[in-house]
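A structural walkthrough
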Amino acid sequence: MEDDSESRKRKRTSHACDSCRHRKVRCDGRHPCATCSSTGENCLYGAEAIPKSKSDLILDVVLRSERMLQDMTAHLHTLLAPASPLDPRISSSPLAFVSPPTIDSAHPHRPASSPDQISNAILSQFHSSTTESILAWPQFKDFHRLRRNYRGSVFHLESQRPNLNYRSSGVLPYLTTSETKEILSSFDNKVNFWYPTLSQAKRAEVEMKVLSNSLSDGIDSCLAFLVMALGCAGHYIGLITDATADPVELDSEHRWRLLNSLYFDHAFKQVHLAQAECSTTAVQCLFFTALYFAFLQRPIQAWSFISAAAIKCRLLLSYPASEPTSEHLECLRRIFWSCYILESDYLAELSALPQAGIADIESSVPLPGEYNTHLSSAIEEQSSLYFLACISMRRLLNRVHDLLYARNSGVASDVNQFPSVVAELDHQLTRWKDLLPPPFQFAINQEAAPSIEAGFLRQRYLACKSVIYRPYLTAGLSLTTRGEQVPDTVYEGCKTCLEACCLHAQNLQGFPQTVMVDTWICSLSMASVMLIALAAAREASLRTCLPNINELGPHLAKNLTKWMQVPGRGVSPSVMQSVRLIEDASVSLQNILEA
């Protein structure tokens with residue numbers, strides 16, 4: 001028996017091919033394996049297995065389990081869930097823009113060839129592309145005014161803010177049927193268009209509760225209060241950002257601000273129910289609470305509820321049998337992707353924030369499919385397409401931050417590595433733009449976009465473009481600091497970065513989504529633009545890269561100063577600090593350009 005066992009052991013082939021074992025990389029055991037397919041090498045398996053350690057044996061089991069689960073999942077999807085036409089991972093439609101090609105870690109300039117390779121778009125902690133990181137550049141050491149007005153970290157400023165004062169009165173104002181429908185319509189056209197997570201069936205329940213005055217102390221009433229609060233806030237934002245609004249409507253701004261506060265106060269008194277309960281409605285309550293804190297420009301609280309919603313969402317997605325309907329499952333997936341976008345936005349400026357783990361599994365969660373979020377099928381489709389476009393952009397932005405600016409592995413400071421990575425990322429960004437559906441197409445200039453959504457996506461595009469090309473600017477600044485000449489390729493990269501930065505700032509306007517959800521992140525992003533422009537302006541060899549930016553600082557300060565007053569429940573100290581940075585940088589920039 002012992003001889004037969006030894007004979008079988010000698011005949012058994014090793015799990016990893018010879019090439020993967022030599023390179024010490026994971027092998028999927030196929031013929032050929034994915035690694036050899038992507039590198040073009042011969043995939044050979046030796047007849048004699050190298051003795052395996054305990055960790056190797058564990059890895060074998062894990063890999064076999066992964067393949068088994070993937071096969072089972074694919075089979076179940078085939079049997080139970082027909083492919084949604086909105087899922088670009090299995091569709092050849094123009095929606096393929098949502099899932100740009102992954103990057104092969106061994107060859108970052110070349111897309112990975114394995115179609116089933118998992119590539120989560122993760123935003124690394126402690127990345128070096130925050131506004132605070134830019135302010136620490138040596139180019140600003142002589143600008144004492146900037147240093148003096150920068151009094152503390154963003155987290156310190158926000159964590160020291162006074163608590164919100166909640167109203168003790170339990171009385172809500174009387175609303176007519178038309179006013180209630182107007183509020184819910186505002187929620188549909190804004191919040192539920194940007195983050196389409198509330199079904200028409202659930203919306204009808206909310207409307208019935210409000211109109212019948214049957215709001216109580218249950219979790220369904222908490223959801224209704226939150227929908228009404230966000231609907232009132234959306235209507236208020238629409239009034240102050242609409243240049244054609246009726247003067248009579250503008251006079252009622254105070255009433256709409258008061259209404260959204262009252263509804264949120266009632267909701268927040270019941271949000272503990274959502275924290276304790278484990279259901280789709282609970283996840284919706286946590287997510288909508290996060291959105292309202294984003295409207296209040298309180299990033300720490302918004303991040304806290306985003307994390308809570310994401311973790312509970314992950315739990316319910318792991319145990320879908322508790323709520324087996326497809327509507328519940330699709331709602332959870334959409335909240336998952338909404339949390340992914342928003343969490344990444346906050347981590348982009350507060351890189352040390354703990355992460356909820358949603359980015360670690362994002363490639364395994366299906367993209368949004370069919371879900372009845374609007375009465376009009378055309379608007380519902382537009383909302384889904386827009387949502388997919390935002391998901392795709394956030395995934396690409398995370399790849400940019402990770403590949404270029406990750407704490408230990410980012411290549412932004414290595415002039416021998418970053419050009420090929422920048423070229424590939426720029427290719428993916430261009431592909432994203434070119435494959436946008438017609439309603440969201442935009443020109444890369446200062447002309448008015450054909451729609452609000454196209455204008456907002458253009459801002460995302462320009463922000464991504466500037467971050468992709470920022471390594472060229474830092475390389476150019478380093479060369480000029482050392483008194484060396486800037487090569488033409490570096491100069492052109494600097495010019496691309498600065499043009500994208502400045503166009504991003506010049507195109508800043510009161511998009512409802514920007515004012516309602518993204519004012520905080522926008523203020524820091526615009527402060528980065530001014531700091532980058534100032535750093536380039538102080539170097540004569542790079543100053544010619546800058547476009548005409550004489551009115552840039554006043555334009556940014558005017559808009560952000562107006563928007564930071566919108567919530568009416570205290571001003572964000574970090575937004576205020578960003579405005580001061582923009583104003584100080586603008587003064588210094590003008591002094592340099594006029595000298």
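Data block above holds the structure.
The sections below set out a description of the structure shown in this document. (Residues numbered from 1 in each chain as written. Predicted model: local features only at pLDDT ≥ 70, side-chain atom pairs only at ≥ 80, totals over all residues. Heavy atoms only, no water.)

Turning our attention to the overall build of the protein. In terms of helices and strands, the protein carries 26 helices and 0 strands. Residues classed as buried in the protein amount to 53% of the 595 residues present. Contacts in the protein between residues far apart in sequence, at least 24 positions, make up 76% of those at least 6 positions apart. Taken as a whole, the protein presents about 26,600 Å² of accessible surface, with 54% of it coming from carbon and sulfur. (Helix = DSSP H or I, 4+ residues; strand = E, 2+ residues; numbered from the N terminus. Buried < 20%, exposed > 50% of the residue type's maximum accessible area, 1.4 Å probe, protein only. Contact = heavy atoms within 4.5 Å. Areas by Shrake-Rupley, 256 points an atom, 1.4 Å probe, with all protein chains shown as cover.)

Two descriptors summarise a pair of aromatic rings, namely the distance from one centre to the other and the angle between the planes of the rings. Taken as a whole and assessed by the stated rule, the structure comprises 21 aromatic pairs. With a centroid separation of 5.5 Å and an interplanar angle of 85°, the aromatic rings of Trp 337 and Tyr 340 are classed as edge-to-face. Of the two residues, Trp 337 and Tyr 340 are both situated in helix 17 (residues 326–347); the distance of 3 residues between them amounts to about one turn of the helix. You can call Trp 337 buried: its relative accessible area is 0%. (Phe/Tyr/Trp six-rings, centres within 6.5 Å; stacked < 30°, edge-to-face > 60°.)

In a regular helix each residue adds 1.5 Å, so 30 residues correspond to 44 Å; helix 20 (residues 452–481) covers 42 Å between its end C-alpha atoms and thus fits that length. The largest bend along helix 20 reaches roughly 45° and is located at Tyr 469, with the proline Pro 471 sitting one to four residues downstream. Counting buried positions along helix 20 gives 26 out of 30 residues, so the element sits mostly inside the fold. Downstream of helix 20 by a residue or two, Gly 483 has a phi angle that is positive, lying close to 80°. (Expected span 1.5 Å × (residues − 1). Bend = angle between axes of the 7 residues up to and from the residue.)

This part is about the environment of Ile 532. Relative to the helices and strands, Ile 532 resides in helix 23 (residues 519–537). Setting aside its immediate chain neighbours within four residues, Ile 532 contacts Ile 134, Trp 137, Arg 470, Leu 473, Leu 498 and Cys 501.

In contact at an axis separation of 8 Å, helix 11 (residues 219–241) and helix 13 (residues 253–268) are set at 160° when each is read in the N-to-C sense. In terms of axis orientation, helix 11 runs roughly antiparallel to helix 13. For the pair helix 11 and helix 13, the crossing hand works out as left-handed. Residues Cys 222, Phe 225, Leu 226, Met 228, Ala 229, Cys 232, Ala 233, His 235, Tyr 236, Leu 239 and Ile 240 of helix 11 pack against Glu 253, Trp 256, Arg 257, Leu 259, Asn 260, Tyr 263, Phe 264, His 266 and Ala 267 of helix 13. Each residue belonging to the contact of helix 11 with helix 13 can be placed in one class, and the counts come to 15 nonpolar, 3 polar and 2 charged. (Axes fitted to C-alpha atoms, helices over the stretch in contact; angles between N-to-C directions. Parallel < 35°, antiparallel > 145°, perpendicular 65-115°, else oblique. Left-handed = near helix turned anticlockwise from the far one by under 90°. Nonpolar A, V, L, I, M, F, W, Y, C, P; charged D, E, K, R; others polar.)

The end-to-end C-alpha distance of helix 11 is 33 Å, a good match for the 33 Å that 23 residues give at a rise of 1.5 Å each. Counting buried positions along helix 11 gives 21 out of 23 residues, so the element sits mostly inside the fold.

This brings us to the pattern of salt bridges. Side-chain pairs of opposite charge can arise where the charged atoms are in close proximity. Counted by the stated rule, this structure contains 16 salt bridges. Salt-bridge contacts for Arg 203 lead to Asp 188; the nearest nitrogen and oxygen are separated by 2.6 Å. Note that Arg 203 is positioned in helix 10 (residues 200–211) and Asp 188 in helix 8 (residues 177–189), a separation of 15 residues in sequence. Under the relative-accessibility criterion, Arg 203 is labelled buried at 12%. Residue Asp 188 is classed as buried on the basis of its relative accessible area, which comes to 9%. Linked by salt bridges that have partners in common, Lys 181, Asp 188, Arg 203 and Glu 207 make up one network. (Salt bridge = Lys/Arg side-chain N within 4 Å of Asp/Glu carboxyl O.)

Next up on the list: the side chain of Glu 349. By secondary structure assignment, the location of Glu 349 is in the loop between helix 17 and helix 18 (377–405). Buried within the structure, Glu 349 lacks any salt-bridge partner; Arg 470 is the closest side chain of opposite charge, at an N-O distance of 7.1 Å. Setting aside residues no more than four positions away along its own chain, Glu 349 makes contact with Thr 130, Thr 131, Trp 520, Ile 521, Leu 524, Ser 525 and Ser 528. (Lys, Arg positive; Asp, Glu negative; His and termini not counted.)

Quick look at the nonpolar core now. With 171 residues, the main nonpolar core has Phe 288 and Leu 404 as its most contacted residues. Residues in contact with Phe 288, not counting those within four places in the same chain, are Phe 187, Thr 197, Leu 198, Leu 223, Leu 226, Val 227 and Leu 230. Counting residues in each nonpolar core, the second largest holds 6 residues, with Cys 20, Cys 33, Cys 36 and Cys 43 among its members. (Core = buried A, V, L, I, M, F, W, Y, C linked by side-chain atoms within 4.5 Å.)

Attention now goes to the environment of Gln 513. With respect to the secondary-structure elements, Gln 513 resides in helix 22 (residues 512–517). Overall, the relative accessible area of 4% leaves Gln 513 in the buried class. Each C-alpha atom, one on Gln 513 and one on Gly 238, is 9.9 Å from the other, the two residues being 275 residues apart in sequence. Apart from residues no more than four positions distant in its own chain, Gln 513 is found in contact with Trp 194, Tyr 195, Tyr 386, Phe 456 and Asp 518.

In this structure, Asn 213 takes a positive phi of about 55° despite not being glycine. Among the structural elements, Asn 213 can be located in the loop between helix 10 and helix 11. One non-glycine residue, Gln 297, lies in the positive phi region at around 60°. Positionally, Gln 297 belongs in the loop between helix 15 (280–295) and helix 16 (299–318). What makes Gln 297 buried here is its relative accessible area of 1%.

With respect to the element layout, Ala 302 can be found in helix 16. When sequence neighbours within four positions are dropped, the list of residues in contact with Ala 302 reads Ala 290, Phe 293, Ala 294 and Tyr 346.

Let us now look at the packing of helix 11 against helix 15. Between two packed helices, both the angle of their axes relative to each other and the distance between the axes serve to describe the pair. Packing of helix 11 against helix 15 leaves a shortest axis separation of 9 Å and a crossing angle of 30°. The angle between helix 11 and helix 15 places the two elements in the roughly parallel class. Where helix 11 crosses over helix 15, the two elements pack in a sense that is left-handed. Counting all contacts with helix 11, which are made through Ile 219, Asp 220, Cys 222, Leu 223, Leu 226, Val 227, Ala 229, Leu 230, Ala 233, Tyr 236 and Ile 237, the residues of helix 15 involved are Thr 281, Ala 282, Gln 284, Cys 285, Phe 288, Thr 289, Leu 291, Tyr 292 and Phe 295. Tallied by class, the residues present in the contact of helix 11 with helix 15 amount to 16 nonpolar, 3 polar and 1 charged.

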